[in-house]
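Observations on the three-dimensional arrangement
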Number of protein chains: 2
Amino acid sequence: MSWQLTEEYLTDLARGAAVLGTGGGGDPYVGRLLVQQAIRESGPITVLDPSEVDDDALVIPTAQMGAPTVVHEKIPSGEEPVTALRALESHLGAKATATMPIECGGINSMIPLVVAARTGLPVVDADGMGRAFPELQMETFGVYGVTGSPMAVAGERGETAVIDAGADNVRMEWLARGVTIRLGGVAHIAEYSMSGADVKRTAVPRTLTLAHTVGKAIREARERNADPVAHLGEVLKGTLYGHLRVLFRGKVSDVERRTEAGFARGRAAAVSFDGEHELELEFQNENLVALVDGEVRCVVPDLVCVLDAEQAEPITTESLRYGQRITVIGISTPDLMRTPEALAVFGPAAFGLPHDFRPVEELVAP
Amino acid sequence: MSWQLTEEYLTDLARGAAVLGTGGGGDPYVGRLLVQQAIRESGPITVLDPSEVDDDALVIPTAQMGAPTVVHEKIPSGEEPVTALRALESHLGAKATATMPIECGGINSMIPLVVAARTGLPVVDADGMGRAFPELQMETFGVYGVTGSPMAVAGERGETAVIDAGADNVRMEWLARGVTIRLGGVAHIAEYSMSGADVKRTAVPRTLTLAHTVGKAIREARERNADPVAHLGEVLKGTLYGHLRVLFRGKVSDVERRTEAGFARGRAAAVSFDGEHELELEFQNENLVALVDGEVRCVVPDLVCVLDAEQAEPITTESLRYGQRITVIGISTPDLMRTPEALAVFGPAAFGLPHDFRPVEELVAP
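Residues numbered from 1 in each chain as written. Chains lettered and ligands numbered in written order. Predicted model: local features only at pLDDT ≥ 70, side-chain atom pairs only at ≥ 80, totals over all residues. Heavy atoms only, no water.

Chain A is annotated in an unreviewed UniProt entry as DUF917 domain-containing protein of Saccharopolyspora antimicrobica.

Dropping the structure here:
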């Protein structure tokens, strides 16, 4: 059933989106303020369950694109993703009937809400990553046959580029990344336009609801002084993301971060509170893999999430600092994201990692 | 009057275009072969005098974009500029009635001929640079109010990007250059779509004819063992490019060339045959300035052309080699290209050169 998203949902939603963003997906705080302002100006947003979308609807997902290190410094006005949507509509010669997130996490759970509020379009409760990933071809949409092209990129001064790389979503990413770098490292996009039937077939369903559920679970546990991580694990059992594992608890001992070819890349290390164990994290915008004492404990596409040890507040890769006390958790991804064709696009090898994918629930005991 | 361009014109035209390319504009030899093939397949090309173009015609110029150092290595199929034209037509929702060069020089005198032969469109005998320049905003079209956007960029695999930077042609260049770099350093483009009235108002007229005249003058002088440079000077007196000056004769003593941010940049030095004088050339794809013994002898937008000392065959910046025996000439540009608004866009300061513009006919005695 469709529901109305009001301002009251936003704090929980932003927190949950930051968890599912696995360290990336842009700044959820900025995103929340943009949505808040848009709702205050235009009223609540209609969220459509994917099952409700007409098969012949035209759904155009919208998002922000860029390195989180840059996004941090450049606050969008909120008009940029609408400009991208309009440029793509104009290119297609057709009007969108709904927008949708391309990823579930950080600011990109929020950008489609900004677009929805500003345009009056509904937003579909689904996305193409089931988490955040750094590159545009890393979409279940693409894995199951929807092409990203044509896509529109919009800059802060109203510049647009409509890119068409045919069926080659990797080439599309490469070209769009080049434009984004020239736009100053951050841009807004509209891509993977698709029918309602394609949404039902290729999208990870109900991830806006999931983000809200995650954020709410953490808040409610805090409010009654329960363990937020344990409570979150219980709540997730009823979802497509059924397994939560605690991978590590300790203090950040090292962070190495660089902005390179339009991405924030790096690694972080932490030492357990008893000084006996060492964690190593690798990231490209998002966390890719967590190793404990050299052994893989959780690897993409499963979610590696860094939370602060006391409040379980999610910590993005650009906020990681020496000395932070953290809990690192792994969350299992839906089956849709673990098929051989999905792993070919966003499994460990797609990131140049030498590890085989193994489900987090097999790697770590409950 | 319109005329038919056949295969017989091409050798002189390519040579003349290489002279007017002032060292850049891409490889005229490759361009000539592409046009030759297209004419053999599709018949001769109709060349329209600008005065004949209907005021409400839609003229879409086409070109190649990229660093000559890369262009040298990647031979186009000839279909790429047609892909760019079609992408822009589709974006505009209108069909071109003619194409036109954006610059007069090197391969970019040839690419619109390839497009004309392949599409059956006529080509307008005019361009927007009156020579070759390295950047897309450096157009009389833009100087006199035609915007370059929207523009289409096409890659060798059929990828397209339609860029719209509004009235900001510098921003358009910046974004298109980024796409071109990601396409491997060379791309084909369609831009500055305009009406026939705009062509008459903003284009440098009859530069295809000029290129043919220049190439023919050099050939005819060679055939009768006359001095090609002296004969070229005589022939140019009857055109908008009325003043030719010999700036230097000598041997190349040093060439420094690098591909940087999508351009071939560098400098070359030469020593006079008597060892008494030194020439310094600076280039960014094209030759920008010639200094003799530290004094400016010819500077953009006037043409600095390097010819081989014996046959007056033009030498492009990427073909400059230690030990070459050269004659360096300066050619005056039309008044349209020397106005204050034109100099602001492609005068010395636009290239970061510390020199004021002074006409070559004032700097050097006949």
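Turning to the pattern of salt bridges, a few remarks are in order. Residue and element names in this part refer to chain A. All chains considered together, the criterion is met by 44 salt bridges over all chains. Of the charged contacts, one joins Lys216 and Glu220 as a salt bridge, the two residues approaching to 3.6 Å between their closest N and O atoms. You can see Lys216 and its partner Glu220 sitting in helix H9 (residues 207-223), 4 residues apart, about one turn around the helix. Residue classification places Lys216 among the partly exposed positions, given a relative accessible area of 32%. One network of salt bridges, with partners in common, ties together Asp12, Arg15, Arg219, Arg222, Glu223 and Glu313. (Salt bridge = Lys/Arg side-chain N within 4 Å of Asp/Glu carboxyl O. Helix = DSSP H or I, 4+ residues; strand = E, 2+ residues; numbered from the N terminus. Buried < 20%, exposed > 50% of the residue type's maximum accessible area, 1.4 Å probe, protein only.)

Attention shifts here to the relation of the copies chain A and chain B. Turning one copy of the chain about an axis and sliding it along that axis gives the other copy, so a rotation and a shift relate them. Once chain A has been moved 0.0 Å along the axis and rotated by 180 degrees, it coincides with chain B to within an RMSD of 0.0 Å. Each copy turns onto its partner about a two-fold axis. Among all residues of chain A, the minimum C-alpha distance to the rotation axis is found for Val162(A), at 2.5 Å. The residues that chain A uses at the interface reappear at the interface of chain B in 100% of cases, marking a shared surface. (Least-squares fit on C-alpha atoms with pLDDT ≥ 70 in both. Contact = heavy atoms within 4.5 Å.)

With that settled, the discussion passes to the interface of chain A and chain B. Taken together, the contact pairs 20 residues of chain A with 20 residues of chain B. Summing both partners gives a buried area of about 1800 Å² for chain A against chain B, and 49% of it is carried by carbon and sulfur. Contact with chain B buries surface across chain A, with Arg171(A), Leu175(A) and Arg182(A) losing the most and accounting together for 38% of the total. Summed over the shared surface of chain A and chain B, the result is 2 salt bridges. Put simply, Glu159(B) and Arg171(A) hold a salt bridge, and the shortest N to O gap is 2.5 Å. (Buried area = accessible area lost by both parts, 1.4 Å probe.)

So, about the side chain of Gln137(A). Residue and element names in this part refer to chain A. When you line up the elements, Gln137 lands in the loop between strand E6 (126-127) and helix H6 (140-143). Residue Gln137 is classed as buried on the basis of its relative accessible area, which comes to 11%. At a separation of 2.9 Å, a polar atom in the side chain of Gln137 contacts the side chain of Glu135. In this structure Gln137 touches Asn169, Val170, Glu173, Tyr192 and Val345, once residues within four positions along its chain are discounted. (Polar contact = N/O pair within 3.5 Å; in protein donor to acceptor, adjacent residues only side chain to side chain.)

Before going further, it helps to examine the state of the cysteines. Residues and elements named next belong to chain A. One pass over the structure, following the stated rule, counts 0 disulfides over all chains. Just so you know, Cys298 is unpaired, no disulfide at all, and the nearest cysteine sulfur is the one on Cys305, 7.9 Å from it. Residue class for Cys298 comes out buried when judged on its relative accessible area of 0%. (Disulfide = S-S within 2.5 Å.)

Any pair of aromatic rings gets described here by the distance separating the centres and the angle formed by the planes. Residue and element names in this part refer to chain A. Inspection of the entire model under this criterion finds 8 aromatic pairs over all chains. Both rings, one in Phe133 and one in Phe351, keep their centres 6.1 Å apart while their planes meet at 35 degrees; by these two values the pair is tilted. Placement of the pair is Phe133 in the loop between E6 and H6 and Phe351 in the loop between helix H11 (340-346) and helix H12 (360-363), with a sequence separation of 218 residues. The two residues Phe133 and Phe351 agree in class, both being buried. (Phe/Tyr/Trp six-rings, centres within 6.5 Å; stacked < 30°, edge-to-face > 60°.)

On to the sheet that holds strand E16 (residues 295-299) of chain A. All names here are of chain A. Strand order in the open sheet formed by 7 strands is E16-E15-E14-E13-E12-E18-E17, with antiparallel pairing between adjacent strands. In the strand order of this sheet, the two ends are held by E16 and strand E17 (303-308), each with one partner. Neighbour to neighbour, the strand axes of the sheet diverge by 35 degrees on average, direction disregarded. Here strand E12 (residues 244-260) pairs with strand E13 (residues 263-272) via 10 bridges, running antiparallel. Its bridge partner lying in E13, Arg257 is registered against Gly266. (Pairing = 2+ DSSP bridges. Axes fitted to C-alpha atoms, helices over the stretch in contact; angles between N-to-C directions.)

This part covers the pairing of strand E9 (residues 186-190) of chain A. Residues and elements named next belong to chain A. The buried fraction of E9 is high, at 5 of 5 residues. Of the two faces of E9, the one carrying Val186, His188 and Ala190 and the one carrying Ala187 and Ile189 are both buried. Pairing geometry for strand E4 (residues 62-66) and E9, over 5 bridges, is antiparallel. Note on E9: the bridge partner recorded for Gly66 is Val186.

To continue, consider the domain arrangement of chain A. All names here are of chain A. Its domain assignment divides chain A into domain 1 (3-205) and domain 2 (238-363). Its C-alpha centre places domain 1 at a distance of 24 Å from the equivalent point of domain 2. Listed as interface residues are 35 residues of domain 1 and, on the opposing side, 36 residues of domain 2. Note on domain 1 versus domain 2: buried area summed over both sides is about 2800 Å², and carbon and sulfur give 68% of it. Linking domain 1 with domain 2 are 1 salt bridge, by the criterion used here. Close ionic contact of Glu313 with Arg15 constitutes a salt bridge, the shortest N to O distance being 3.5 Å. (Domains from an automatic or database assignment.)

Per the UniProt annotation, the sites labelled "domain: S-Me-THD-like C-terminal" (unreviewed entry) are residues 168-360 of chain A. The span residues 168-360 of chain A shows a helical share of 28% and a strand share of 35%, and its end C-alpha atoms are spaced 31 Å apart. (UniProt positions renumbered as here; feature names shortened; annotations may be inferred.)

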